[in-house]
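Geometric and topological summary
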Amino acid sequence: MKQKLLITGGSGFVGQNVVRYLLKNNPEIEIYNLSRTALDIEGVKNISCVAEDFVFDGLLPYKFDYVINLMALSHNKACTDLAYTEE
């Protein structure tokens, strides 16, 4: 049985490299990318989300074995308004 891995922010620079590394070195893993932008990498399943509004309870039925959190708010408002990032 394949293990399930969720990578939040997998479409970012670091995330894409982590995904490629894992696919190359772990053929028995099922990778899910939770991100605003879908990854066009064979073997990756995409779950679309907007980080500011996403309700993570919807992921419970997937029963992931592992989670790698690489998601970040990187737009101008998140970088300049600290109160925005604490909501």
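Everything below is about the structure printed above this text.
This report concerns the structure included in the present document. All values derive from a computational prediction rather than experimental measurement.

A closer look at the overall build of the protein
Across its full length, the protein holds 3 helices and 4 strands. Walking the protein from its N terminus toward its C terminus, one meets helices and strands in the order β-α-β-β-β-α-α. Relative to its 87 residues, the protein shows a buried fraction of 30%. A separation threshold of at least 6 residues defines the contact pool for the protein, and within that pool the share at least 24 residues apart is 52%.

As for the sheet that holds strand β4 (residues 66-69)
Remark on secondary structure: sheet strands pair via backbone hydrogen bonds, oriented parallel or antiparallel. Taking strand neighbours across the sheet as the criterion, the 4 strands line up as β3-β2-β1-β4 in an open arrangement whose pairing is parallel. Looking at which strands have only one partner, the edges of the open sheet turn out to be β3 (44-48) and β4. Strand-to-strand twist across the sheet, computed as the mean angle between neighbouring axes with direction ignored, equals 20 degrees.

Side note on helix α1 (residues 13-25)
Taking 1.5 Å per residue as the helical rise, α1 with its 13 residues ought to reach 18 Å, and the 19 Å between its terminal C-alpha atoms agrees with that figure. The inward-facing, buried residues of α1 abut β1 (3-8), β2 (29-35), β3 and β4.

Some remarks on the nonpolar core
Core analysis: the biggest nonpolar cluster contains 9 residues, these being Leu 5, Ile 7, Val 19, Leu 22, Ile 29, Ile 31, Leu 39, Ile 41 and Val 44. Setting aside residues up to four positions removed in sequence, Ile 41 forms contacts with Val 19, Arg 20 and Leu 23. Within the second largest apolar cluster, 7 residues are counted, among which are Leu 34, Ile 47, Cys 49 and Phe 64.

Quick look at the side chain of Asn 33
Its location among the elements puts Asn 33 in strand β2. A distance of 3.4 Å separates a polar atom in the side chain of Asn 33 from the backbone oxygen of Thr 37. Once you skip the residues sitting within four places of it in the chain, Asn 33 turns out to touch Ile 7, Gly 9, Gly 10, Ser 11, Ala 38, Leu 39, Val 44, Lys 45, Asn 46 and Ile 47.

Points about the side chain of Thr 8
Tracing the sequence through the fold places Thr 8 in strand β1. Exposure remark for Thr 8: the relative accessible area of 4% places this residue in the buried category. Those residues in contact with Thr 8 that sit more than four places away from it in its chain are Leu 34, Ile 68, Asn 69, Leu 70 and Met 71.

A word on the pattern of salt bridges
Scanning the entire structure with this criterion turns up 1 salt bridge. A salt bridge links Glu 30 to Lys 45, with the nearest nitrogen and oxygen atoms 3.5 Å apart. A residue pair is termed long-range when its members are at least 10 positions apart, and Glu 30 in strand β2 and Lys 45 in strand β3 qualify at 15 residues. Given a relative accessible area of 18%, Glu 30 falls into the buried group.

The rules behind the values
Residues numbered from 1 in each chain as written. Predicted model: local features only at pLDDT ≥ 70, side-chain atom pairs only at ≥ 80, totals over all residues. Heavy atoms only, no water. Helix = DSSP H or I, 4+ residues; strand = E, 2+ residues; numbered from the N terminus. Buried < 20%, exposed > 50% of the residue type's maximum accessible area, 1.4 Å probe, protein only. Contact = heavy atoms within 4.5 Å. Pairing = 2+ DSSP bridges. Axes fitted to C-alpha atoms, helices over the stretch in contact; angles between N-to-C directions. Expected span 1.5 Å × (residues − 1). Core = buried A, V, L, I, M, F, W, Y, C linked by side-chain atoms within 4.5 Å. Polar contact = N/O pair within 3.5 Å; in protein donor to acceptor, adjacent residues only side chain to side chain. Salt bridge = Lys/Arg side-chain N within 4 Å of Asp/Glu carboxyl O.

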